[in-house]
Structure formats: C-alpha cells, structure tokens
There are 2 protein chains.
Amino acid sequence: MAVNVAVVGATGVVGEEFLRILEERDFPIKELRLLASKRSAGRKVPFRGEEYTVQELTKHSFHGIKIALFSAGASISKEYVPYAIESGAVCVDNSSAFRMDDDVPLVVPEVNPQEIVRHRGVIANPNCSTIQMVVVLKPIHDIARIKRVIVSTYQAVSGAGLKAIDELQKETASILAGKSDFQRTLFPYQIAFNVLPQIPQSKAFLPNGYTSEEMKMVSETKKIMGDPRIGVTATTVRVPVIRGHSESVNIETEKKVDVQEVRNLLSRAPGVALMDDPVNQLYPLPVYAAGRDDVFVGRIREDESIEYGINLWIVSDNIRKGAALNAIQIAERLL
Amino acid sequence: MAVNVAVVGATGVVGEEFLRILEERDFPIKELRLLASKRSAGRKVPFRGEEYTVQELTKHSFHGIKIALFSAGASISKEYVPYAIESGAVCVDNSSAFRMDDDVPLVVPEVNPQEIVRHRGVIANPNCSTIQMVVVLKPIHDIARIKRVIVSTYQAVSGAGLKAIDELQKETASILAGKSDFQRTLFPYQIAFNVLPQIPQSKAFLPNGYTSEEMKMVSETKKIMGDPRIGVTATTVRVPVIRGHSESVNIETEKKVDVQEVRNLLSRAPGVALMDDPVNQLYPLPVYAAGRDDVFVGRIREDESIEYGINLWIVSDNIRKGAALNAIQIAERLL
C-alpha cells in the first residue's frame, strides 16, 4: 500500500541519498513531497523518471503525509517535527534533536527493531558513527556481554555535508598546486592532508573535554543496545576521506569469545559483511564501502592485553547505513 | 670535539632529515660521509654550504667513522652494522633489525637515556609510532603506573618513504582530475581520500592477525618503558597525510591521576608540548607538528568507562622525533 512521503532537507547530502535509496528499494510512494529551506525551494530534482520541484518547508507542509524523513539538522527537526506529527505523519528523524528522549525510540533495525512500535510520532535515527558500530557489536554482546568499548574513528567529510566535500576537494587542489591562499569556510583548520580531532568542527567542546559526537557514541550505544552498563569511550576524528567512516574498536567482554567465534557470528549477522582475510590482504576500506549498504568488518584480532578482549575494524558508508538507508529501513518496518 | 659521522641511507626521507638536523643542531662533525645504494651513489647533496657526493655503501665504508647513523631498512642494517662496529663506529640504527635484541639498548632519550651506556656498538632507534607515544606516557607511568594502553594510529605516508609521498600526491591529483587509470606502485589500495589499516603495506600479516607495526608498538613500548607488565594493544592505520603521525591513546592507570594532574605533568615533561585548550579549539594537528621537534599532546580527557582511565591525542613529526631527531639526540648523548 503506497503512502505519501515527505523528505525534509531534500537537497542536502543525506536528502539526495534518501531519493536514491527510495528509488533503489522501490519504496511504495503515492506522493513524494520534497521540502527544504527557502534558499533551495524551486530546485528541480529527478525521481523515478519524473521531475520534482523542491518546496519551501513550512508548518503547513505535512498535510496528508504519512511518513516524513527529516535530515535538515536538529533545530529544523525541533521546530517542524511537531507540525508533522500534528498532521498525522510519523517522522524518522536523522538529527540529534530527540534521540535521547525517553519516549522516542532510537532504532537500528538490525539491533532493536522491537522499539519501533512504541513511537509517538517520531523515531530517531542514530548518529552515523554509532549505527555502524552497534550493528557489529550487537551479535557479540548477545553471546558474550560487552563490558567496555574503546573506539577511535576515522570519519569522512561528507558527514559534515556537501560543503565539506567541496572544501576538501578545493583545498586539496589548492595545496597540490602549491598555493597557500585557500579560504576555508567550514573547517577550522586544513582538512586536506591532515586529520582533525574535533567533530562537529563548529561546536564547542563539552565541559568534560569531549565533543558532542564522542558523547553521542557513548549515550546512543547504551540506549540502542538496551544496556546502560556498557562502558563506552570515544575519540572522533575527521580524516580527508569523501565518504565512508572507519572505526578502530576495542571491546572487552564478560565471557570468553575467540576470534573464530566472532568471525562466525558476524558472517551471519544481518547488515554485516565480514571482510577479514589478512592472508589475501582483504580488510574493509572506506573507498570500497562507499555506495554499499553493508557494514564491513575485518581485522578481527584477540587483544592480548586483557583476558577477554577483541579488536575490530568497522567501515561503512556514513551517508547510506549511517543515515539515509537506516532511516528508510525504519520507515519500511513502519509500513 | 668533532667526530667523523657516516649517514647510511643519505638520500631517503630520513636521510635528508638527518642532514637538516645535523646542520640545525650544529652537531660536531669533522668528516661527513654520505652512504647509499649503488643507484644513488654519485648524487650531490648540500650540507653546511658545501657539496657532498653520495658514496656507495660497502663493507669498507666505515673506516675512521665514529658515529654511523643508519636508516636504509632492516636488511641493510643487518648486513652493514657489523662492519661499522668492526671499524670502531657506534651505530644508531633506525631500522627494526636489532631493536628487540637483549644486548641492544632501545632508546628514547627523554625516557630511558640510562640504557645508552650498555651498548656494544649499536643503539636502536625505536619505531616512529612508539617514540611519540612513550615520550608522553613515561611521566604518567612514573606517578600512576600504566596498566594498559589501547592505541589507534593515523600515520602519514612519509613513514613509507619518499615514493609514498609521491604516490599520494599523484594519485590525489589523478582523482581530482576525474581519472581512474592511476597506476599504483607502492600501496596495495588507493591511499588518496582513503585510509588503509595495514602498516607496512608490503608485509604479510602475522599469524595473530596483527601487522608488524602493531606488534612493534606492543613490544617496543614495554622495552623502552622498562616494564613488561604494561599491556599494550594497537591498531595502526595509514591516512592520506604527508607528514606527522597522530595517535588516539587510551590508558588505564593503577593509581588515580586526574586530567589536571596529567596536564601539569606533561606541561613540564621533556620533549613534550602540551596543546590542550578546547575552549580556544587548540589541539595537536599533523600539519602543525610537521617540521617541529616536540611531541604534541592534547584532548586529554578522563575516560569515564573505567575507574582510572585517560584519553590522549598525541601528534608528532614522524620523520623528526619519530626517526632522525631521536637518533641524533642519542648520538649527542653518546659524545
């Protein structure tokens, strides 16, 4: 049964991906309404061979809409999700606006699909870095209980939007040309041929010295996994990669689980592609994960510094599974 | 008192840095002998306003040499260090050839200078990633005893030599130009706009799934810190950065040490520059560390997932403190 769908933030990097995935997966759409800021209104966007005109987002935009996919930042979500709910829509929100609200499910369909039913009009899509990590950790947690997670990320610039991709490319070209007059507008420091241990780049550090991205990984992991006892600590770092987040993840489990068991588990885990063949130099890479649906995991090793420890290397397309795909998977389960 | 100095591997990326630092630090040189493979012999290299001709390395190259700085790979060191010792030279070897030999001191002057005296003709210079980490960890270990270290690295391509820098730059230009026919000769996969969880890129993984770089960080850290009880686990990753290795380091200590104490300690630690001012968006960056002597540390945070845990972000020039500078500091102490 086809439904009316709205995409809020249709011209952004996640918005574009929403449309690509809705097409690919033959999502049952009756009417598609593309919404964005005034600045983007009027733009023409192709979808299933037709041309759609982007409309300006207003509180009246959601009349007749059944599912609203939001990806226009937390302040837009805070303002407009209530109007969408009032109009009878169910919202899947990619922003951080409602993620930690007790009455809002925070869902990764492979991990906690049972949460979807308790929604009251909005289901939150987790942070990109968290999604790819929990998809891999859940099957291990189920058999060995994860006590602690130490994660360091290698995050692509697309997580900061289309402007960030443009800035990385232009700055890189400028440096290769031997120029030193490139004007940055987004990142506080050079991102080309550099790494920045601050995500998001625009927000102040929290009083405990962490970034909001790091604390999202801590709190969202506990909420999605449904286990507040899991200890999590994170260091999130932007790297000059266009698309695909990588994560070096160290876990400590309560029960023994060896590398071969972890490989077996992950080889049949939903949404996970095991790519762990050191002999043939096969391991996950962002350029390989870009454009694919799976979360790739490899470099699985026993951590010999503790009794029950495992190291993993987890890579996924931050715009697909990390954002648009996960939201659409939630919407599919809603229907 | 000036001495005769040989540089083995004079035309490599570390060799070039040796010459720059010997000049900068006014190292007391009577005669300078530049040695390299047959292929590089005959090349002219400027030093202190004069021109030196690179000579082919042979077993007879070390006559009259007092200090030999080796940086031409482990197999060259294994073959030629014995000849240098026979000729009466003391070798400071940047390769991994002798690092774990019981009778060879493995030295970072800020950490274990007392080891130098027990040399029998060769002192090993540690791996770049290890050096910058132990310079920061030693002062913390001294007051709180580090029980465990979990490190994930973000390593510059210069660690793989001049050809790697060239490959990154050319591949980047090729991708920006929209071409897809770039011929790699060094890295097994694209390094431009990508990250590679395999260092070195040319060597097989060990039976335990780790790379040799990762295991060097484990074994060398214990040896330099003089404490085999420290648990270390590492994930080493190449990033598209020209120069400057970054490390996300999580430590667990036996005794409580808070963030402010760690900052105080590190602000007066030799060879360390504390760069930890989140309010003003100041933290270490590879592009800033490149060309500088110090090891930079920032993003110091309490790890709330365990009782006594600290996260740190450590960045240093992998060619300077990670290789050439550390070796020359050892040579200075020898004199």
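Quick caveat: nothing in here was measured; it's all calculated off a predicted structure. (Residues numbered from 1 in each chain as written. Chains lettered and ligands numbered in written order. Predicted model: local features only at pLDDT ≥ 70, side-chain atom pairs only at ≥ 80, totals over all residues.)

Novice: A description of the overall build of chain A should follow, citing residues and the corresponding values.
Specialist: Helix and strand counts for chain A stand at eight helices and 14 strands. Taken over C-alpha atoms, the radius of gyration comes to 20 Å for chain A, in line with the 20 Å a tight globule of 335 residues would show. Split into buried and exposed, the 335 residues of chain A put 55% on the buried side. Within chain A, residue pairs in contact and separated by at least 24 positions form 67% of the contacts whose partners lie at least 6 positions apart. (Helix = DSSP H or I, 4+ residues; strand = E, 2+ residues; numbered from the N terminus. Rg over C-alpha atoms; globule rule 2.2 N^0.38 Å. Buried ≥ 20, exposed ≤ 12 C-beta atoms within 10 Å, placed from the backbone. Contact = placed C-beta atoms within 7 Å.)

Novice: So what's going on with the domain arrangement of chain A? Residues and values would help.
Specialist: Residue and element names in this part refer to chain A. By domain assignment, chain A separates into domain 1 (3-126 + 323-334) and domain 2 (130-318). Relative placement of domain 1 and domain 2: their C-alpha centres are 25 Å apart. Each side of the interface is counted separately: domain 1 has 14 residues, and domain 2 has 19 residues. If one sorts the elements of the side of domain 1 that touches domain 2 by residue count, helix 8 (residues 320-334) sits on top with three residues. For the side of domain 1 that touches domain 2, the residue count by class is eight nonpolar, four polar and two charged. (Domains from an automatic or database assignment. Nonpolar A, V, L, I, M, F, W, Y, C, P; charged D, E, K, R; others polar.)

Novice: Can you break down unusual backbone geometry residue by residue, with the values?
Specialist: All names here are of chain A. That bond from I199 to P200 is cis: its omega, -5°, falls within 30 degrees of zero. On the secondary structure map, P200 appears in the loop between helix 4 (162-176) and helix 5 (212-225). Phi at D26 takes a positive value of approximately 55°, unusual for a residue other than glycine. Considering the arrangement of structural elements, one finds D26 in the loop between helix 1 (13-24) and strand 2 (29-36). Exposure remark for D26: the 8 C-beta atoms within 10 Å place this residue in the exposed category.

Novice: Which residues make up the packing of helix 3 (residues 128-144) of chain A against helix 5 of chain A, and what values go with them?
Specialist: To characterise two packed helices, one gives the angle between the axes of the helices and the distance between these axes. Residue and element names in this part refer to chain A. Packing of helix 3 against helix 5 leaves a shortest axis separation of 10 Å and a crossing angle of 40°. Our classification of the angle between helix 3 and helix 5 gives oblique. Classified by chirality, the crossing of helix 5 by helix 3 is right-handed. Where helix 3 abuts helix 5, its residues S129, T130, M133, V134, L137, K138 and H141 lie against E213, K216, M217, E220, T221, I224 and M225. (Axes fitted to C-alpha atoms, helices over the stretch in contact; angles between N-to-C directions. Parallel < 35°, antiparallel > 145°, perpendicular 65-115°, else oblique. Left-handed = near helix turned anticlockwise from the far one by under 90°.)

Novice: Could you give me a rundown of the sheet that holds strand 9 (residues 146-154) of chain A, with the residues and numbers involved?
Specialist: Residues and elements named next belong to chain A. Strand order across the open sheet formed by six strands is 10-9-11-14-13-12, with mixed pairing between neighbours. Only two strands of the sheet have a single partner each, and these edge strands are strand 10 (231-235) and strand 12 (272-274). Along the sheet, successive strands turn relative to each other by an average axial angle of 25°, direction set aside. Bridging between strand 9 and strand 11 (residues 245-253) involves eight bridges; their strand directions are antiparallel. Note that in strand 11 the partner of R148 across the bridge is E252. With respect to the sheet, helix 6 (residues 259-267) is in contact with strand 12, strand 13 (295-302) and strand 14 (309-316), its orientation differing from that of strand 13 by roughly 170°. (Pairing = 2+ DSSP bridges.)

Novice: Tell me about the interface of chain A and chain B, residues and numbers included.
Specialist: Chain A puts 51 residues into the contact, and the matching count from chain B is 51 residues. Here the side of chain A that touches chain B is composed, by residue class, of 27 nonpolar, 18 polar and six charged.

Novice: I'd like to hear about helix 5 (residues 212-225) of chain B, residue by residue, with values.
Specialist: All names here are of chain B. Compared with an ideal rise of 1.5 Å per residue, which puts 14 residues at 20 Å, helix 5 spans 19 Å between its outermost C-alpha atoms and is within 8% of the ideal. Within the sequence span of helix 5, burial applies to E213, E214, K216, M217, E220, T221, K223, I224 and M225. Looking at the buried side of helix 5, the elements it contacts are helix 3 (128-144), strand 9 (146-154) and strand 10 (231-235). Just past helix 5, the residue G226 takes up positive phi, approximately 70°. (Expected span 1.5 Å × (residues − 1).)

Novice: Mind laying out the packing of helix 4 of chain A against helix 4 (residues 162-176) of chain B, listing which residues take part and the relevant values?
Specialist: Where helix 4 of chain A meets helix 4 of chain B, the closest approach of the two axes is 10 Å, and the angle between their N-to-C directions is 130°. As far as their axial angle goes, helix 4 of chain B and helix 4 of chain A are oblique. Where helix 4 of chain A crosses over helix 4 of chain B, the handedness of that crossing is left-handed. The segment helix 4 of chain A lies against helix 4 of chain B, with Q169, T172, A173 and L176 of chain A engaging Q169, T172, A173 and L176 of chain B. Of the residues belonging to the contact of helix 4 of chain A with helix 4 of chain B, the class tally is four nonpolar, four polar and no charged.

Novice: Explain helix 3 of chain B to me, using residue names and the numbers behind them.
Specialist: All names here are of chain B. With 17 residues, helix 3 should cover 24 Å at 1.5 Å per step; its first-to-last C-alpha distance of 25 Å lies within 8% of that length. L137 marks the point of greatest bend in helix 3, at about 35°, and the proline P139 comes within the next four residues. Counting buried residues in helix 3 gives 14 out of 17 residues, a clear majority hidden from the surface. (Bend = angle between axes of the 7 residues up to and from the residue.)

Novice: Report on the relation of the copies chain A and chain B, specifying residues and quantitative values.
Specialist: In the superposition of chain A on chain B (RMSD 0.0 Å, axial shift 0.0 Å), the rotation amounts to 180°. Taken together, these values place the two copies in the relation of a two-fold axis. Mapped onto chain B, 100% of the interface residues of chain A are again interface residues, and the two copies thus contact each other with one and the same surface. (Least-squares fit on C-alpha atoms with pLDDT ≥ 70 in both.)

Novice: Any chance you could break down the sheet that holds strand 2 (residues 29-36) of chain B for me, citing the residues and the numbers?
Specialist: All names here are of chain B. Spatially, six strands are ordered 5-2-1-6-7-8 in an open sheet, and the strand pairing comes out parallel. Two strands close off the open sheet at either side, each with one partner strand: strand 5 (55-56) and strand 8 (122-124). Of the strand pairs in this sheet, strand 6 (residues 67-70) and strand 7 (residues 90-93) are connected by four bridges, and their pairing is parallel. Bridging from a neighbouring strand, A68 pairs with C91 of strand 7.

Novice: Can you tell me about the environment of G244 of chain A, naming the residues and giving the values?
Specialist: Tracing the backbone through its elements, the reader meets G244 of chain A in the loop between strand 10 and strand 11. The contacts of G244 of chain A, once residues within four sequence positions are left out, are A156, P286, V287, A289, A290, V315, S316, D317 and N318 of chain A.

Novice: Help me get a handle on the pairing of strand 10 of chain B, residues and values and all.
Specialist: Residues and elements named next belong to chain B. Where burial is concerned, most of strand 10 is hidden: four out of the five residues are buried. Sheet topology places strand 9 next to strand 10; five bridges connect them, and they run parallel. In the sheet register, R148 faces strand 10, and the bridge partner there is G231.

Novice: Tell me about the environment of E50 of chain B, and please be specific about residues and values.
Specialist: Mapping E50 of chain B onto the fold places it in strand 4 (residues 50-53). Sequence separation between E50 of chain B and T130 of chain B is 80 residues; the distance between their C-alpha atoms is 35 Å.

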